[in-house]
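# Structure assessment
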Amino acid sequence: MGLLGTGMLITFTEVAPQDEMDFNEWYNREHIDERVFMPGFKRARRYLAADSATRVKYFATYETDTVRDLCAPEYMKLLGDQSDWSKRVMAKFTHFDRLTLTCTVDLAHGISGAAGLARFFPAEDSKQALRELLRDSLLPELRARAGMHGAVLMENDLDVVAEGMRAQGKPVPADLKQEWIVILEGSTPAIVGAALDEGFGDDRFEEHRLPTSKIDLGRYSLVFGNHR
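Residues numbered from 1 in each chain as written. Predicted model: local features only at pLDDT ≥ 70, side-chain atom pairs only at ≥ 80, totals over all residues. Heavy atoms only, no water.

## Description of the overall build of the chain
A count of helices and strands for the chain gives six helices and eight strands. When the helices and strands of the chain are placed in sequence order, the string is β-α-β-β-α-α-β-β-α-β-α-β-α-β. For 228 residues, the compact-globule formula gives about 17 Å, and the C-alpha radius of gyration of the chain, at 17 Å, lands near that figure. Overall, the C-alpha framework of the chain stretches about 50 × 35 × 30 Å when taken along its three principal axes. In the chain, which comprises 228 residues, the share counted as buried stands at 47%. Surface summary for the chain: the accessible area is close to 10900 Å², and the carbon and sulfur share equals 51%. Looking at charge distribution, the chain has the averaged site of its 28 positive side-chain charges lying 3 Å from that of its 36 negative ones. (Helix = DSSP H or I, 4+ residues; strand = E, 2+ residues; numbered from the N terminus. Rg over C-alpha atoms; globule rule 2.2 N^0.38 Å. Buried < 20%, exposed > 50% of the residue type's maximum accessible area, 1.4 Å probe, protein only. Areas by Shrake-Rupley, 256 points an atom, 1.4 Å probe, with all protein chains shown as cover. Lys, Arg positive; Asp, Glu negative; His and termini not counted. Charge placed at Lys NZ, Arg CZ, Asp CG, Glu CD.)

Next up, the structure:
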C-alpha cells in the first residue's frame, strides 16, 4: 500500500538538549494524535537523525488527502488554537522548517524502520525530465535494492505555501523556489543511507544534464507514528 493520500506536511525541528524530553513526550503523547484526527489528515510519523552528518535532528511527515487540506480554513483555524503544552514546546524550537507537498511519484509500501531524505531545488527547465527520471528508473531501482521498501517524490506546493503565509498575516516572498524531497524507506539507516549515496551522490544528475541545487542528504530512524 502506498501513501494514504497525495498531500504531505513535512516539518523539521530541533530544541535545546535540556528541552528534548518534554519535546519528545509532547510529540508522542499529544501532537501526533492531535494532528491525525484533523480534517483531511490520515497518518503521521516522526523520525530521529541516525548520524551526525544529518543536518536537522528531527523530522516528521503528516499524510493528507490532498495538499489543499494544509491551507483549508478549518485547518488554519485549528492551528490558531494550540494547547498550553503545544505553546510551551513550540516556543522552545531552535529550528523549524515546514513544507506543504504533493506526491508526484508514489512507490511507498507499508511502514519501515528508517527513512532517507534527499532535498534539493530543481532547475525550472529540468523539472519534467527530472520527474520522469525519478519515476521511470531511479526510484524503482533504489526501491528494488535488498532491504528497501519504498520511495516517493514530494514537490512543495508554492500556492499552498503562499496561502498559509497570507492566512497568518505574513508577507509572501517574491523569490519563493519550489523544493523537492525524495523519501526512501528501508529496514535500517545503513540500508537507506547506501541507497541515498547510490541515487543522489555527487554529480548524479549532472550526468543526465539535469541541474539541481546542492542535494542535502539525511538518514533517520523511526521514533513514533499513528494513524486513523
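Now that the structure has been shown, we can carry on.
## Topic: the sheet that holds strand 2 (residues 41-49)
Sheets are built from strands that pair by backbone hydrogen bonding, the pairs being arranged parallel or antiparallel. Ordered by their spatial adjacency, eight strands build a closed barrel running 1-3-2-8-5-7-6-4, and the pairing between neighbours is antiparallel. Averaged over neighbouring strand pairs, the angle between their axes works out to 35° when direction is ignored. Note: strand 5 (residues 114-120) against strand 7 (residues 180-186), seven bridges, orientation antiparallel. What sits directly across from A115, in strand 7, is E185. Lying on the sheet, helix 1 (residues 20-36) is in contact with strand 1 (7-15), strand 2, strand 3 (58-64), strand 4 (93-106) and strand 8 (216-227); it crosses strand 2 at an angle near 160°. Taken strand by strand, helix 6 (residues 189-200) contacts strand 5, strand 6 (148-156), strand 7 and strand 8, and its axis lies near 135° from that of strand 8. (Pairing = 2+ DSSP bridges. Axes fitted to C-alpha atoms, helices over the stretch in contact; angles between N-to-C directions. Contact = heavy atoms within 4.5 Å.)

## Thoughts on the pairing of strand 4
Relative to strand 4, strand 1 runs antiparallel, the two being bridged by nine bridges. Residue pairing for strand 4: F12 is matched across the bridge by D97. Looking at chain direction, strand 4 and strand 6 are connected through five bridges and run antiparallel. The partner of C103 across the bridge, within strand 6, is M154.

## Details of the packing of helix 4 (residues 127-143) against helix 6
Relative orientation of the contacting elements helix 4 and helix 6 amounts to 145°, with a least axis distance of 9 Å. Like other packed secondary-structure pairs, helix 4 and helix 6 cross with a definite hand, here right-handed. In contact with L134, L138, L139 and L142 of helix 4, helix 6 contributes A195, E198, G199 and F200. The class makeup of the residues in the contact of helix 4 with helix 6 is six nonpolar, one polar and one charged. (Left-handed = near helix turned anticlockwise from the far one by under 90°. Nonpolar A, V, L, I, M, F, W, Y, C, P; charged D, E, K, R; others polar.)

## A few points about the pairing of strand 8
Sheet faces and side chains relate simply in a regular strand, where the side chains alternate between the two faces. Looking at chain direction, strand 2 and strand 8 are connected through seven bridges and run antiparallel. For R45, the partnering residue across the bridge sits in strand 8 and is G225. Relative to strand 8, strand 5 runs antiparallel, the two sharing six bridges. Bridging across to strand 8, R119 finds its partner in D216.

Take it as geometry only, folks, not as evidence of what the structure does.
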